Amino acid sequence: MIKISYIDFVNLKYKPKKSDLMCLFYVEPFQVSMKEAAGAVAAESSVGTWTELTTETKRIARMRAKVFEIKDNYIKVAYPAELFERENMPEILSSIAGNIFGMKIVKNLRLEDIEFPESIIKSFKGPAFGINGIRKLLNVKGRPLVGTIVKPKLGLNSKEHAKVAYDAWLGGCDIVKDDENLSSQDFNKFRERVMYTLIARDKAEKETGEKKAYLPNITAETEEMIDRANFVRHNNGNYLMVDIITMGWSALQTVRKHNFKLPLHAHRAGYAALSRNKKHGISMLTIAKIARLIGVDSLHIGTAVGKMEGPTKEVAEIEEEIELSLIKKDQPSHILEQKWYNIKPVMAVCSGGLYPTLVPSLIKMFGKNIIIQAGGGIHGHELGTTAGATAMRQAVEASLKGISLREYAKNHKELYIALRQWH
Ligand code: CAP
Ligand code: MG
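Residues numbered from 1 in each chain as written. Chains lettered and ligands numbered in written order. Predicted model: local features only at pLDDT ≥ 70, side-chain atom pairs only at ≥ 80, totals over all residues. Heavy atoms only, no water.

1. Quick word on the coordination of the magnesium ion (ligand 2)
Then step 1. Those protein atoms acting as donors to the magnesium ion (ligand 2) are Asp179 (OD) and Glu180 (OE), and they sit at 1.9 to 2.0 Å.
Then step 2. With relative accessibility at 3%, the residue Asp179 sits in the buried group. (Donors = N, O, S within 2.8 Å, 3.2 Å for Na, K, Ca; no water. Buried < 20%, exposed > 50% of the residue type's maximum accessible area, 1.4 Å probe, protein only.)

The following block contains the structure:
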């Protein structure tokens, strides 16, 4: 038996070409050298397998991925772009984020970052609206958008749901969204909910003079999802929402391909199964790049300060200790806003355990191009949803004016109560 020499997939003198796709992996070898484990990753994720092949021609050997840098536990791998099908994210990931995670030769393996070449980037659609499109739709300039998730996350009927949404818009929310696990349960059918909630949106727009958006969660089996999106569009809806991880990348591509001419909000429920273990899996940075390329308009990125796990600016920059980061230094480090040929920038969404007190630090960390979402932090307000939404807007106003929340709360009752309630 002639076993393959994984070392053949390591070439530390190789200078990656502009046309190569590059990956940064964290690797913990199991009972082999780092070089061998690195080579195994490059082999299995490109053209190789565990043994030499009589069928591998010279032409195919030239298509091998190459490990071109090894530093501590981090390796960089370059893949010739011809290995991949354009605009086929599942195929790309079956290579660079597929079998390799289960190989015995690695104890742990994490895909930290991907750099897509121009040819692959240009083959995808990217966001239809992006940051500017969303701002235009809602007619909001120069401030973060304020959103809420209707709570309780499950259980309200469609009329009750629409009422909670209406109250939130009236109080100052720009955006109201369904929760990630609400779809079309018996207690709250999708189509009925959309109808009632869009009526509530129109009423709230009239009464406040502000533009409002409703983000119905269309996540379901793919064809049903397309029907639901069409239903939203035909009933004058102005935004769609999907759960990008549980629906799958192929389904996300299908939704994007249908070009509903509505922005697409990406909830990331389940991403932590891939990302939370810092030694194994797929980083949130990578997930964000994939979602942007396929074409979501707003994406949950974490908060650093809220209820969910996630290091500060997880998406904004790969953790600093990874000096090998593939992020180009001449670009803004925020990958959702990096210049990417035809691909528009994505609006970052901060959500999860947020309440007014946390708003100033969020704006400081992430800037103004964010959607700040609070569920419990709005519907849990002692005076109810409308007051809760108002308190969030007041917190945004105070932050932008550079006034401390405590000071601003002196003549803003809703904020005052919220600060008393949640420190
Ligand atoms: C927030 C939320 C969102 C999380 C997801 C929830 O509600 O609706 O799903 O933000 O986290 O159910 O937790 P609260 P992430 O405001 O009541 O916490 O954005 O990190 O993916
Ligand atoms: Mg939720």
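2. Digging into helix 3 (residues 89-96)
The periodicity of an α-helix, 3.6 residues per turn, causes residues three or four places apart in sequence to face the same way.
Then step 1. Met89, Ile92, Leu93, Ser95 and Ile96 are the residues of helix 3 that are buried. Within helix 3, the buried residues cover an arc of 155 degrees as seen down the axis, which keeps them to one side.
Then step 2. Of the surrounding elements, those touching the buried residues of helix 3 are strand 1 (21-29), strand 3 (74-79), strand 4 (106-115), helix 4 (118-121), helix 10 (249-257) and helix 12 (284-294). (Helix = DSSP H or I, 4+ residues; strand = E, 2+ residues; numbered from the N terminus. Arc of directions from axis to C-beta. Contact = heavy atoms within 4.5 Å.)

3. Remarks on the sheet that holds strand 10 (residues 281-282)
Then step 1. The five strands are arranged 2-3-1-4-10 in an open sheet whose pairing can be described as mixed. On the outer flanks of this sheet lie strand 2 (66-71) and strand 10, each paired with one strand and no other.
Then step 2. On the sheet, helix 3 packs against strand 1, strand 3 and strand 4 and is oriented at approximately 35 degrees with respect to strand 1. (Pairing = 2+ DSSP bridges. Axes fitted to C-alpha atoms, helices over the stretch in contact; angles between N-to-C directions.)

4. With respect to the sheet that holds strand 9 (residues 264-267)
Then step 1. The strand order 7-6-5-13-12-11-9-8 describes an open sheet built from eight strands, whose pairing is parallel. Because the sheet does not close on itself, it has two edges, and the strands there are strand 7 (213-215) and strand 8 (240-243). Within this sheet the neighbouring strands show an average axis-to-axis angle of 25 degrees, counted without direction.
Then step 2. Where strand 5 (residues 145-149) and strand 6 (residues 175-177) come together, three bridges link them in parallel fashion. Its bridge partner being in strand 6, Thr148 is matched across the sheet by Val176.
Then step 3. Contacts from helix 6 (residues 158-171) reach strand 5, strand 6 and strand 7, with the element oriented near 155 degrees to strand 6.
Then step 4. With respect to the sheet, helix 13 (residues 359-366) is in contact with strand 12 (347-351) and strand 13 (370-373), its orientation differing from that of strand 13 by roughly 155 degrees.

5. Structural notes on the packing of aromatic side chains
Then step 1. With the rule as written, the count across this model stands at five aromatic pairs.
Then step 2. On the numbers, 6.1 Å between centres and 40 degrees between planes, the contact of Tyr355 with Trp422 is tilted. Within this pair, whereas Tyr355 is found in the loop between strand 12 and helix 13, its partner Trp422 is found in the segment after helix 17 (413-421), the two being separated by 67 residues in sequence.
Then step 3. Look at Trp422 and you get buried, because its relative accessible area is 19%. (Phe/Tyr/Trp six-rings, centres within 6.5 Å; stacked < 30°, edge-to-face > 60°.)

6. Quick word on the domain arrangement of the protein
Then step 1. On domain assignment, one finds that the protein holds domain 1 (8-121) and domain 2 (130-421).
Then step 2. If you average the C-alpha positions of domain 1 and of domain 2, the two centres end up 35 Å apart.
Then step 3. Facing the 27 residues of domain 1 at the interface are 30 residues of domain 2.
Then step 4. Regarding the contact of domain 1 and domain 2, the summed buried area is about 2,700 Å², with carbon and sulfur atoms giving 62% of it.
Then step 5. Among the residues domain 1 hides against domain 2, the three largest losses belong to Met89, Arg110 and Ile121. Together they make up 26% of the total.
Then step 6. At the junction of domain 1 and domain 2, the tally comes to two salt bridges.
Then step 7. Among the ionic pairs, Glu28 bridges to Lys279, the shortest N-O distance being 3.7 Å. (Domains from an automatic or database assignment. Buried area = accessible area lost by both parts, 1.4 Å probe. Salt bridge = Lys/Arg side-chain N within 4 Å of Asp/Glu carboxyl O.)

7. Some thoughts on the pattern of salt bridges
Then step 1. Within this structure, the stated rule accounts for 23 salt bridges.
Then step 2. For Asp167, the salt bridge goes to Lys163, with nearest N and O atoms at 2.9 Å. Of this pair, Asp167 and Lys163 are both found in helix 6, four residues apart, which corresponds to roughly one turn of the helix.
Then step 3. With relative accessibility at 15%, the residue Asp167 sits in the buried group.
Then step 4. Judged by its relative accessible area of 47%, Lys163 falls in the partly exposed class.
Then step 5. Measuring nitrogen to oxygen at the nearest pair gives 2.8 Å for the salt bridge that ties Glu210 to Lys212.
Then step 6. For Glu210, a relative accessible area of 26% corresponds to the partly exposed category.
Then step 7. Residue Lys212 is classed as buried on the basis of its relative accessible area of 0%.
Then step 8. A cluster of three or more residues bridged by salt bridges with shared partners is formed by Arg143, Asp174, Glu210, Lys212 and Arg393.

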